[in-house]
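# Per-entry structural report
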Amino acid sequence: METLFDYLTYTKGVTYFVAFALMVGFVPFFLFLTERQK
Amino acid sequence: MSDHTEHRWVTPFNAVAAMIMGVAAVILFLRFTQGLSATTNLTHDYPWGLWIGFDVMSGVALAAGGFTMSAAVYLFGMKEYKPVVRPALLTAFLGYSLVVVGLLVDLGRPWRLPFPFFRQAGPTSALFEVALCVGLYLNVLFIESTPLALEWLGFKKLRKIVASLTIALTVFGVILSTMHQSSLGALFAITPTKLHPLWYSEHIPVHFFVSAVAAGISMVLVESALSHKVFHHLAETPPEQMDKITIGLAKGGAVVLATYFAIKVVDLSLGDKWHYLGTGWGAWYLVELLGFVGLPCILYLIGFRERMPRLIRWTALWTVIGIMLNRFNVSFIAFNWQLETRYVPHWMEIWVSVALVTGGIVVFRWIASRMPVLYEHPEYKGMH
């Protein structure tokens, strides 16, 4: 069973990098989406 | 408005619908008298087939438009989407009703329907939660849909009582939907040895919930496009306003699909499943992830940015197919992936599923051509 602590200390793989890249990538995605909204 | 509409019984649509449902009635007679083996290709290895993957899993996901739209309008104050709330709630009510019928056909012994509430393995069972939430939510949707009939019948007092419950029902509906949409995914959380690792996840309840929101928004777009085409003489929302609503929903669709895409990619990394992508199953997974999540997300993005309602409606249909594909993958295509024997639905299973959808369309058509679904009743303008 995984706990919140397990997630906070999870370092295996590239998950942190992937999650960070996706979060950063969401910013231009949203800006591109809403650029012409007004 | 509906008084001026002529209702002819013998039409090509009714004839085809009657033929489909007539054959389905014979199949159902066989299913309930001869058992599952006479009408399905289900086995002990594949106890869940098309009737679960399509009628239940896809049906519940596609009916998510009801709680999504009612929450947007009644809880978040997005009043511009009001014209699509009633059709969305009616679609959800009919969708859930068909889910229950489909489930009964699959399970058999309909008299045991109340068993989950009185004789069950305990409240820790995911199936118990699904049964409880779906049962309660069906009642919530029924009450939320009654103003249509009450306005049509002229029961003003009763309609006023139901209208006063709108916020409470919407909140209850959101809670129940959040619980059972995710619990349907939780059913597969106990199958790590059977479901292919690319589709299996400890967080599959989250995947199911987020994808259901995308399915709900897309289904509202598909249903509103079809109903405004078929009932254009009844719909009072101008096409320009419908286009505005369509474009607005595309923004929601793009954001939800982007979120779903991100969750799926993070899950690939969390489970260290990258190496599976190089296999045949990986190619099939990428078809689903890139073709039916990534692509519609980009198409919604372009449709919203460039104000292209036609593109958005086709994208919505593509998304609906994609969510169905995901539910098929999880419930039987990528299930038991290590077995040599594969499950292919029997034609009778497909026929019954088609008949259920046909039944839903027939009832929707009957209600929408008589009751104030696509227009506001003159005596209750701006009151719901």
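Residues numbered from 1 in each chain as written. Chains lettered and ligands numbered in written order. Predicted model: local features only at pLDDT ≥ 70, side-chain atom pairs only at ≥ 80, totals over all residues.

## Side note on the overall build of chain A
Where we set the bar: Secondary structure counts use DSSP, requiring at least four H or I residues in a row for a helix and at least two E residues in a row for a strand, with both numbered from the N terminus. Using C-beta atoms placed from the backbone, we call a residue buried if 20 or more other C-beta atoms fall within 10 Å of its own, exposed if 12 or fewer do, and partly exposed for counts in between.
When helices and strands are counted, chain A shows two helices and zero strands. Counting the 38 residues in chain A, one finds 0% classified as buried.

## A few points about the environment of B:M69
Residue and element names in this part refer to chain B. Which entries qualify depends on this criterion: We call two residues in contact if the C-beta atoms placed from their backbones are at most 7 Å apart.
Along the chain, M69 turns up in helix 4 (residues 65-75). The exposure class assigned to M69 is buried, which follows from the 27 C-beta atoms found within 10 Å. Each C-alpha atom of the pair M69 and V213 lies 9.9 Å from the other, and the pair is 144 residues apart in sequence. What M69 contacts, discounting residues up to four positions off in sequence, is Y81, V84, V85, A88 and V220.

## A closer look at the packing of helix 1 (residues 12-34) of chain B against helix 14 (residues 347-368) of chain B
All names here are of chain B. Under the convention used in this document: In this analysis an axis means a line fitted to C-alpha atoms, helices contributing only their contacting stretch, and an angle means the value between N-to-C directions, from 0 to 180 degrees. Reported orientations rely on four angle classes, namely roughly parallel under 35 degrees, roughly antiparallel over 145, roughly perpendicular from 65 to 115, and oblique for the rest. A clockwise turn of the near helix away from the far one marks a right-handed crossing, whereas an anticlockwise turn of less than a right angle marks a left-handed crossing. Three classes are used, and their members are as follows: Ala, Val, Leu, Ile, Met, Phe, Trp, Tyr, Cys and Pro are nonpolar, Asp, Glu, Lys and Arg are charged, and the others, Gly among them, are polar.
Between helix 1 and helix 14, the shortest axis-to-axis distance is 9 Å and the interhelical angle comes to 130°. Taken together, the axes of helix 1 and helix 14 lie oblique to each other. Both helix 1 and helix 14 take part in a crossing whose hand is left-handed. Of the residues in helix 14, those touching helix 1 at A17, I20, M21, V23, A24, I27 and L28 are M348, W351, V352, V354, A355, T358, G359 and V362. Of the residues assigned to the contact of helix 1 with helix 14, the class counts are 13 nonpolar, two polar and no charged.

## Concerning helix 7 (residues 126-153) of chain B
Residue and element names in this part refer to chain B. The condition is simple: In this analysis, the expected span of each helix is defined as 1.5 Å times one less than the number of residues it contains. At any given residue, the bend is defined as the angle formed between two axes, one fitted to the seven residues that end at that position and one fitted to the seven that begin there.
Here helix 7 contains 28 residues, and its C-alpha end-to-end distance of 40 Å stays within 8% of the 40 Å for a straight helix at 1.5 Å per residue. At S145, helix 7 shows its largest kink, close to 35°, and the proline P147 lies no more than four residues downstream. In the stretch just after helix 7, G154 is the one whose phi turns positive, near 80°.

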